[in-house]
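Results of the structural survey
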Amino acid sequence: MKLNKKMQVYLKYAVVVLALMISGVFYCLHSNTDSEEQLSDSYDTFSENQMENVQNYETQENKSKIYVYICGQICEPGVKECTQGTRLYQLIELAGGATDIADLNRLNLADVLKDGQKIYVPQIGEAAAQDISGSMECDKININEADLGQLMTLPGIGETRAADIIAYRTKQGRFEDIEDIKNVPGIKDAAYLKIKEMICV
């Protein structure tokens, strides 16, 4: 059957419209697929970031915890879990408070605690002992707490050696006994004998 010109024009328009409609359907399907993939990628990225933030928070939380041993005239002696920056008076409260015969005047209640520290709460009238590591005050230079200037007041200890003492205790931890100071490079028996009566831990 032969189509007249008018019918031929309509047929061409119909073919063009149909082609446009088919193209539109394929475009929509492709766009939906891309959107789903992008949404999936975004979700995966969000999940990974969220998990990383949780892990970072847990790591920071663990790092902020310290453990301190408190004993002596205290109601609940033992190892206590604290946070960095905790002061001695807060630890005593955490340990149930001091006993009625505790001599708190010999302690620096404002001391900032360190991980692994031992705190001994003395009894009223009790003599100070050098083998007690912690906050019992003495009239000597505490080599665990003294700053650069205080250490330099010791005979034979100049600025360099005082800095070595601070660097050693920062890296290795607190001195458990005054004789441990001989582990610091440059402090041998002769130097130790000059200062041993002037230091405590």
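Residues numbered from 1 in each chain as written. Predicted model: local features only at pLDDT ≥ 70, side-chain atom pairs only at ≥ 80, totals over all residues. Heavy atoms only, no water.

What the protein contains, in helices and strands, is 5 helices and 5 strands. Element order for the protein, N to C, with α for helix and β for strand: α-β-β-α-β-β-α-α-α-β. Within the protein, buried positions represent 26% of all 201 residues. With an accessible surface of roughly 13,600 Å², the protein has 54% of that area assigned to carbon and sulfur atoms. (Helix = DSSP H or I, 4+ residues; strand = E, 2+ residues; numbered from the N terminus. Buried < 20%, exposed > 50% of the residue type's maximum accessible area, 1.4 Å probe, protein only. Areas by Shrake-Rupley, 256 points an atom, 1.4 Å probe, with all protein chains shown as cover.)

Here the protein averages 77 in pLDDT, and 63% of its residues register 70 or above. Element-level mean pLDDT values for the protein span from 58 in helix α1 (residues 5–63) up to 95 in helix α2 (residues 88–94). Overall, residues 129–137 carries pLDDT values under 50, and its contacts beyond four positions in sequence, including any with other chains, amount to 35 contacts. (pLDDT = per-residue confidence, 0-100. Contact = heavy atoms within 4.5 Å.)

It is worth spelling out the sheet that holds strand β1 (residues 65–72) at this point. Spatial ordering of the open sheet is given by β2-β1-β3, a layout of 3 strands whose pairing is mixed. Since the sheet does not close on itself, it has two edges, and those belong to β2 (78–83) and β3 (118–121), each with one partner. Across the sheet, the mean angle from the axis of one strand to that of its neighbour is 35°, orientation sign disregarded. Where β1 meets β3, 4 bridges bridge the pair, whose relative direction is parallel. When the sheet's bridge partners are listed, C71 is paired in β3 with Y120. (Pairing = 2+ DSSP bridges. Axes fitted to C-alpha atoms, helices over the stretch in contact; angles between N-to-C directions.)

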